[in-house]
Amino acid sequence: MRMLITGSNGLLGQKLVAQLLLKGIDFMASSLGVNRNNDCPEENYRTMDICNRDEIAEVFNEFKPTHVIHTAAMTNVDACELNPQECQSLNVDSVQLLANQCLASNCHFQLLSTDFVFDGSKGNYQEEDAPNPLSIYGHSKLQAEEYIKDLPSLQFSIVRTIIVYGTGNQLSRSNIVKWAKEALHEAKELSIIDDQFRAPTWADDLAWACIRICELNENGIFHVSGPETMSIYEIVERIAKHYQLSMDKVKRTTSSSLSQPAVRPPRTGFNLSKAKSRLGYNPKTLEETLDFI
Ligand SMILES: NC(=O)c1ccc[n+]([C@@H]2O[C@H](COP(=O)([O-])OP(=O)(O)OC[C@H]3O[C@@H](n4cnc5c(N)ncnc54)[C@H](OP(=O)(O)O)[C@@H]3O)[C@@H](O)[C@H]2O)c1
C-alpha cells in the first residue's frame, strides 16, 4: 500500500501521518505551502495544491499511490457561504481532478465528507438516508460525493464525519474542544447554543477508521463519528466538568441569536453500525479523550 494524503498540515492530516508512521505504511503527505507538521519527515512531504492539475499529476507520477485520502478542503462553513466560488473550487473541482487521476492510475480515492449533507431534521443518520444540505459547504461536499459515485469503475470510499477535535502542530484553526477548554480556563463570558446536536469526533479515531477502510479495500459510504450525540452546550459542560472548570460565566443561547451566514442542521449524529461491523470501529467517549487534549 502506498498512501497519498492531502491536507497533511490539517488536523486529520496530521493524525493520519502519525498513524501511518507507527504502522510503517509507505506514504506521501501533501499540503499547500511548507510542511507545518513537525512530526512529518521532510522526505515524506510534498507541496501539492489540490486545485493544480499539473502538481497532482507530478506527485502521482513520482509516488505512484495505491490509495489517496483526500482531507484537504475549505472547511470553514461560513467562509464557504460568503465565498461560494472558492468553495466550489476547493471542495468540488479538486475532487474531480484527484478522482480522475485516481481512475487513470487505478488508485483508491477516499473523500472526507460531512454530516452537513443532511438537513438535521432527523438525527442518528445512516449511510442510506437522503441528503438535503442547508449550506453552500454541505452542497459542495454532496456534489463531490455524487461526482465520484458516478465515475464508472473508480474504487472509492466516502467518510462522512462530524465536528472533529484534537491537537496538532501549528494548525490553521482551532476546534470546539480545544477552544472550549482554553476559554473556560480563562473564565471568559461565553454564550453557547443548546439547540444544535452533534457527535464530536476525536481526530485520532477518525484517522484510524480512514486507514482501516484503505487496508480492507472497503468501498462506499461510511459514517464515522464519536459515539454520543449531545448539544453544543452539553459538550462545553462535560469539558468543564472533566477539567473541574467553572460554568458560572457560560450562558445558554439559541442558534438564531448568532446570525451566522451559513444555516446549520439542528440535529445530526450518526448510526455507527456499519463502521462498527465492517471496520471494527470502536470510538472513545468525549471524557476518554480529554486527557489527550
Ligand atoms: N473539522 C471538522 O469538524 C469536520 C467535520 C466534518 C467534515 N470534515 C471534513 O474532514 C476533512 C478534514 O478536516 P480537518 O478538520 O482536518 O480540516 P483542516 O484542519 O481545516 O485541514 C484542511 C487542510 O487542507 C489544507 N488546504 C487548504 N487548501 C488547500 C489547497 N488548495 N491545497 C492543498 N491543501 C489545502 C489546509 O491548509 P492550511 O492549514 O494551510 O489552511 C489544511 O491544512 C475536511 O475535508 C472536512 O471538510 C471536517
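Heads up: the structure comes first, above all this text.
The model shown is predicted, which means the values in this text are computed figures rather than measured ones.

A.B. asks: Mind laying out the packing of helix α2 (residues 53-63) against helix α4 (residues 84-105), listing which residues take part and the relevant values?
C.D. replies: Here α2 crosses α4 at 30°, and the two axes come no closer than 10 Å. Our pair here, α2 against α4, has a crossing hand that is right-handed. Note on element contacts: α4 touches α2 through L97, L98, Q101, C102 and S105, opposite R53, I56, A57 and F60. Here the contact of α2 with α4 is built from residues that sort into 6 nonpolar, 2 polar and 1 charged.

A.B. asks: Report on α2, specifying residues and quantitative values.
C.D. replies: Within α2, burial applies to I56, V59, F60 and F63. Looking down the long axis of α2, one finds its buried residues gathered within 100° of arc, a one-sided arrangement. Across α2 from its buried face, at more than 90 degrees, point the exposed residues D54, N61 and E62. Where α2 is buried, its residues meet β1 (2-6), β2 (26-31), β3 (45-47), β4 (67-70) and α4. The distance from a side-chain oxygen at the start of α2 to the backbone nitrogen of D54 is 3.0 Å, and the residue carrying that oxygen is N52.

A.B. asks: Give a description of the environment of I136 that names residues and reports values.
C.D. replies: Mapping I136 onto the fold places it in helix α5 (residues 136-149). Owing to a relative accessible area of 29%, I136 belongs among the partly exposed residues under this scheme. Considered as a pair, I136 and G7 are 129 residues apart in the sequence and their alpha carbons are 21 Å apart. Beyond its immediate sequence surroundings of up to four residues, I136 is in contact with C80, E81, P84 and C87.

A.B. asks: Tell me about the sheet that holds β1, residues and numbers included.
C.D. replies: Read across the sheet, 7 strands follow the order β3-β2-β1-β4-β5-β6-β11 without closing on themselves; strand pairing throughout is parallel. The outermost strands of the open sheet, each flanked by one partner alone, are β3 and β11 (220-223). Taken pair by pair, the neighbouring strands of this sheet meet at an average axis angle of 20°, ignoring direction. Note that β4 and strand β5 (residues 108-114) share 4 bridges and pair parallel. From the neighbouring strand, H67 faces β5, where its bridge partner is H108. Docked against the sheet, α4 engages β1, β4 and β5, running at close to 155° with respect to β5.

About the cut-offs
- Residues numbered from 1 in each chain as written.
- Predicted model: local features only at pLDDT ≥ 70, side-chain atom pairs only at ≥ 80, totals over all residues.
- Heavy atoms only, no water.
- Axes fitted to C-alpha atoms, helices over the stretch in contact; angles between N-to-C directions.
- Helix = DSSP H or I, 4+ residues; strand = E, 2+ residues; numbered from the N terminus.
- Left-handed = near helix turned anticlockwise from the far one by under 90°.
- Contact = heavy atoms within 4.5 Å.
- Nonpolar A, V, L, I, M, F, W, Y, C, P; charged D, E, K, R; others polar.
- Buried < 20%, exposed > 50% of the residue type's maximum accessible area, 1.4 Å probe, protein only.
- Arc of directions from axis to C-beta.
- Polar contact = N/O pair within 3.5 Å; in protein donor to acceptor, adjacent residues only side chain to side chain.
- Pairing = 2+ DSSP bridges.

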